[in-house]
Amino acid sequence: MGKYSESAIRGLVDAIVNSYEEEPDIIWMGDMDPIDPAQVQAILDDLRNLIFAGFYDKRKLKPDSVEYYAGEVVERLLYELRKQIGKALKAASGSGGALQESPKAARIEERAEQLAVEFLARIPALRAILATDVSASFEGDPAAFSKDEVVLSYPGIFAITVFRLAHELYQLDVPLIPRMMTEHAHSLTGIDIHPGATIGHHFFLDHGTGVVIGETTVIGNFVKIYQGVSLGALSTRGGQLQRGVKRHPTIEDHVTIYSGASILGGTTVVGEGVVIGSNAFITKSVPERTRVSVKNPELQYSASGREKARVIELEQDDAWYYVI
Amino acid sequence: MGKYSESAIRGLVDAIVNSYEEEPDIIWMGDMDPIDPAQVQAILDDLRNLIFAGFYDKRKLKPDSVEYYAGEVVERLLYELRKQIGKALKAASGSGGALQESPKAARIEERAEQLAVEFLARIPALRAILATDVSASFEGDPAAFSKDEVVLSYPGIFAITVFRLAHELYQLDVPLIPRMMTEHAHSLTGIDIHPGATIGHHFFLDHGTGVVIGETTVIGNFVKIYQGVSLGALSTRGGQLQRGVKRHPTIEDHVTIYSGASILGGTTVVGEGVVIGSNAFITKSVPERTRVSVKNPELQYSASGREKARVIELEQDDAWYYVI
Amino acid sequence: MGKYSESAIRGLVDAIVNSYEEEPDIIWMGDMDPIDPAQVQAILDDLRNLIFAGFYDKRKLKPDSVEYYAGEVVERLLYELRKQIGKALKAASGSGGALQESPKAARIEERAEQLAVEFLARIPALRAILATDVSASFEGDPAAFSKDEVVLSYPGIFAITVFRLAHELYQLDVPLIPRMMTEHAHSLTGIDIHPGATIGHHFFLDHGTGVVIGETTVIGNFVKIYQGVSLGALSTRGGQLQRGVKRHPTIEDHVTIYSGASILGGTTVVGEGVVIGSNAFITKSVPERTRVSVKNPELQYSASGREKARVIELEQDDAWYYVI
C-alpha cells in the first residue's frame, strides 16, 4: 500500500462508519433481509420465459416437454417470489429483528406465500392480454417484420410486459417490488410506467424513449402512444400531501397520442377515438372523436451565414402533424 | 410449501400450459432453435472488440500479437454468426422440424456461412467509416477530452457502431438479428436507429437520448444530430400496408439538427448545409443552405406566488436558438 | 468450416489487421493497459454499497459487523481505484511502454494511490449530501412510498449518486474515468450529467429520461428538474475551440424546471425561486422569484375523419402549466 498505512485506511473506514450513524436513513441495517435487486430481475426473467415461452431461452421448447418446462419455472418462481415478497412485507411493516421468530413474522411468511400463488394464478390472463399487445404492435408498425420480431426486440413489449406483471403485484398490495420492477424496465427502455396505472388491452407503445405514465393514469383499450409522451400531473405542489389523489389523466378507448405530447391532470379525460398530434399540451378534457393538433409554431428561415437577414418565404403545412 | 399442496402448483402449471395452446403466437415452440439474445449481444461485444481493438478488453493488445488476437475473434465470430444467422433464416422461412435434415436445411446452413463471411469482409470498410464518426464527435464537442474518451464513453459512438454493423446484416437480408442488435443499442443509449436507415460518414450524435431514426431515412455525410430528434413518418395509418414505402425523410450533407426537432415524411428533403433549430417541426422540404428555427413561443412571466398577476416585461431573444 | 478454407479466414484477418494500421486512432495498442469498463462499473457498485450500505447487497448488514463490512469494501476500492486511476493517468499523459519502469511511472503510481485515498476520504461528506437528495425525492414526489423505495428504485438517485462520485474524481483531475462513470449512469437512466457540472444539495430529478446537464452548468440547492430538461450551450460552433469556456447556464437555489424545458447559454442565470414551465425555451437570464411559462401554442380541433373541417371551439387553459 505504499505510504498509506493501515492507520490511514482505518481512518477512512472510521469516518464512513461514523457517517452511517449520522445518516441512518440511507442505510439498510438490522435483522431485516435486504430485497435483492438482482433477484427481482431474475424473477422478471423467469416470468418473461414463462409468458413468452421459448423465445428468450437457449433451450428448444418442445410440445412433449412443455409441461416440465412450465413446472420447473413455476416452482422456482414460487420459491423466489415468496422470499422477496416476504422481505418486502417485513420492510414495509417496519418489522425486523425481534419479529423474525414471532407469530406476526409467521403470518407474514404465510401471507407472502399466498400472494405468490395468487399472482402466478393471473399469468394465463396476462398472457391473453399481452398477445393483444403484440398484435397491436405488429399491425400498427409498418417496420415490423413479424410477430416474432416484435416479441424478440420491441422495447414497448418489454415495458408493457413488466408493467402488467408489476401492476398485479401492486394490486395485491405488495410493497417496493412493483416499483423496482417497472424501474428496471424504465432503465432498459426509457419507458417509465408507474405500476399503479391502469391500462387496457391492445396497447401499443412505439419507440417509447421518454414516455412517462403516472401512478393514477387510466388508459382504455386500443390506445397507441409514441415516444416522449407524458401522461402527468399538473403540479407537484403538496408533494406527499397529494398521495392517493387522482393526479393523472384518463385516456379512453381507441385514442392515439403522437410523439412529445403532454396530457396532464387528474380530471382531464381524453374521449374515445381522439387523436392528439405531436407536441400538443393538453390540460383540459377533449370530447370523443376529436383530432387535436398544435398549430405549428411559426418557423423562421434565412439564408445560412447571415443572421436574421433575408427571411425566406417558406410554408410548412400547419395542419395535422403526427410524428411516429 | 406450507399449505399450498402439489395439486395447487399443478393447477397453476396446467392453467399456464393451457394458455400456451390458446395463445400460440407468443410462444416459440417446435424444432426451431430459438435465437439467443445473449448470444447476439456476445457477437456485438466481439465485433466491437474487433473494430476498436484493445479498448474494451482486459488484455493488453501488442503489435506482435495483434494477428493472433484478430484471428481468435474472427474464428469465434464466424462460428457464432453462422449459428445465429442460420436460426434466423430458418425462423423467417418458417422451416423448422422436418426440414432440419432436408436439402433445404443444408442450403440454409451453407447460406448462413456465406453470409457470415461476407459480413466479416466488410469490417475493414466499417472501421474506416467509424474512424470518421469518432473524429466528428471529438471535433464537434467542446467537452470531449480526447478521441480515447469518445471511444470509451460516448453513447453516440456505441449506437452508430451497432447501427453500422446491423445495417450490413440488413443489407444482406439477414432477418430478425439486425433489429435485435439496434434495439440492444437503443436499450443502452436511448438512441433508436432502425437498421434499414442509410447513414453517411462523419456522423455525430450528441447526448442522443430520445433520438429516433426511421427505417427508410437517408442521411448524407457530416451530419450532426442532437438529443430528442425524430426523423419520422407522417402517419401510421395503414400500418402493415405501408411496409416498404419510403416514409422517412432524406437529410443531405453537412446538415445540423438541434435538440427536439422533428423532421417527417418520405418526400421531405433537407438540403445540403441546412441548420434546423431546436424543437422545429418540419414536414416539407427545406432548400439547401437555409437556417430554420422556431419563432420562440411567447413566454409569460409573473411574480412568483401570484397567478397571472403583474406580467413582467422580459424579452427572450427569438432568433436562432440551438440547444446542444 | 464447409467451403470456407483456412486461407479465406486468413484473408479476413489480414484485411482487419491492415485496417488497424490504416486507422490507428481507434485502436488502443502498445504497453498501456486498457482501462477496463467492467472494472469501472464494479467500482461504482462497491461505492454504492459503501454509501447506501445494506440496500443492494445480498448479505444482511448488522450493527456489530458494519466495521468489517466497510473495511472490506474500502480495501477493495483502494486497490481497484489505484489501478484504474493509474491507467487513466498514464493514458492521458501519453506515457506507456518505456515509461513503465521509469521514475515518472513510479510517480504516476504514487499519485494514483494518493488520489484514491483523497477520493475515499470524501465519502462521508457525499453521504451527507446524498441523504438530502433522497429526502428531496421522497418529499417532492406524491408517488413515493418510502425513502427505502427511493433508494431502491429511483433512477434520479442513481444518476445523482454516480454524478457526485464522478464529480469528485473530476475535481481531482482524474482523466477518462469520471466520464465513463456518468455515461454508465446515462445508459441506465437516460440522465446525462457531465461530471464537470456543479450541483448543490437537495437535488431532485424526477423520471429523468432525456435530461442533459452540460459540463459548465452550475446548480444551487433545493433545485427540482423533470424529464427531458436540457441545461445546454447555445451553439457548438467552434467545437474544440470552446473547451473550458462557460457554455452552460447557472441555476440558483429553489428553482423548479418542468419537463421538456431548455435553458441555454453560459451567461444565462435563472434566479432564486424561479419556476420554469414545461417546454419553455430560455436563453436569457430570469430574475429571482419569477414564474416563466410558455404561452400554450394554439391548438386546432376538428371532428375526426374530416381534415381541417369544422373547427371545434375548445379552450385549453394557457396559464401556468407544469407537467411532472
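Structure's up top.
Residues numbered from 1 in each chain as written. Chains lettered and ligands numbered in written order. Predicted model: local features only at pLDDT ≥ 70, side-chain atom pairs only at ≥ 80, totals over all residues. Heavy atoms only, no water.

Visitor: Run through the sheet that holds strand β2 (residues 198-199) of chain C, naming residues and quoting values.
Guide: As summarised here, the arrangement of the four strands in space is β2-β5-β8-β11 (chain C), forming an open sheet in which the pairing is parallel. Single-partner strands in this sheet number two, and they are β2 and β11 (269-270) of chain C. (Pairing = 2+ DSSP bridges. Helix = DSSP H or I, 4+ residues; strand = E, 2+ residues; numbered from the N terminus.)

Visitor: Report on the interface of chain A and chain C, specifying residues and quantitative values.
Guide: Listed per partner, the contact involves 80 residues of chain A and 85 residues of chain C. Where chain A abuts chain C, roughly 7100 Å² becomes buried across the two surfaces, and 59% of that area is made up of carbon and sulfur atoms. The interface formed by chain A and chain C holds three salt bridges in total. For Asp25 of chain A, the salt bridge goes to Lys147 of chain C, with nearest N and O atoms at 2.7 Å. Here chain A is connected to chain C by 13 residue pairs in polar contact (both at pLDDT 80 or more). If you list the elements that add at least two residues to the side of chain A that touches chain C, you get α1 (6-22), α8 (177-189), β7 (230-232), β10 (262-264), β13 (281-282) and β14 (290-294) of chain A. Considered class by class, the residues forming the side of chain A that touches chain C number 34 nonpolar, 23 polar and 23 charged. With five bridges joining them, β14 of chain A and strand β15 (residues 299-303) of chain C adopt antiparallel strand pairing. Within β15 of chain C, the residue paired with Val294 of chain A across the bridge is Leu299 of chain C. (Contact = heavy atoms within 4.5 Å. Buried area = accessible area lost by both parts, 1.4 Å probe. Salt bridge = Lys/Arg side-chain N within 4 Å of Asp/Glu carboxyl O. Polar contact = N/O pair within 3.5 Å; in protein donor to acceptor, adjacent residues only side chain to side chain. Nonpolar A, V, L, I, M, F, W, Y, C, P; charged D, E, K, R; others polar.)

Visitor: Describe the pattern of salt bridges, and please don't skip the residues or the numbers.
Guide: Residue and element names in this part refer to chain A. Under the definition given, this model contains 36 salt bridges over all chains. Taking the shortest distance from any N to any O, the salt bridge between Arg76 and Glu72 comes out at 3.5 Å. With Arg76 and Glu72 both in helix α3 (residues 66-92) and four residues apart, the pair spans about one turn of that helix. Overall, the relative accessible area of 38% leaves Glu72 in the partly exposed class. Among the charged side chains, a network of salt bridges with common partners joins Asp46, Glu72 and Arg76. (Buried < 20%, exposed > 50% of the residue type's maximum accessible area, 1.4 Å probe, protein only.)

Visitor: Could you give an account of the packing of aromatic side chains, with specific residues and numbers?
Guide: Scanning the entire structure with this criterion turns up 15 aromatic pairs over all chains. Arranged with centres 5.1 Å apart and planes meeting at 10°, the rings of Tyr226 of chain A and Tyr258 of chain A form a pair that is stacked. Of this pair, Tyr226 of chain A sits in the loop between β6 (224-225) and β7 while Tyr258 of chain A sits in the loop between β9 (256-257) and β10, placing them 32 residues apart in sequence. Tyr258 of chain A carries the same exposure label as Tyr226 of chain A, and that label is buried. Cluster of aromatic residues (ring-pair linked, three or more members): Trp28 of chain A together with Phe52, Phe55 and Tyr56 of chain C. Lying across the ring of Tyr56 of chain A, Arg48 of chain A places its NZ or CZ 3.9 Å from the centre. (Phe/Tyr/Trp six-rings, centres within 6.5 Å; stacked < 30°, edge-to-face > 60°. Lys NZ or Arg CZ within 6 Å of the ring centre and 35° of its normal.)

Visitor: Hey, could you go over unusual backbone geometry for me, with residue numbers and the actual values?
Guide: Its identity is not glycine, yet Phe222 of chain B carries a phi of approximately 60°, on the positive side. Mapping Phe222 of chain B onto the fold places it in the loop between β5 (218-219) and β6 (224-225). Judged by relative accessible area, Phe222 of chain B falls into the partly exposed class, the value being 35%. Its identity as a non-glycine residue notwithstanding, His202 of chain C has a phi of 50°, on the positive side. Mapped onto the elements of the fold, His202 of chain C is located in the loop between β2 and β3 (204-205).

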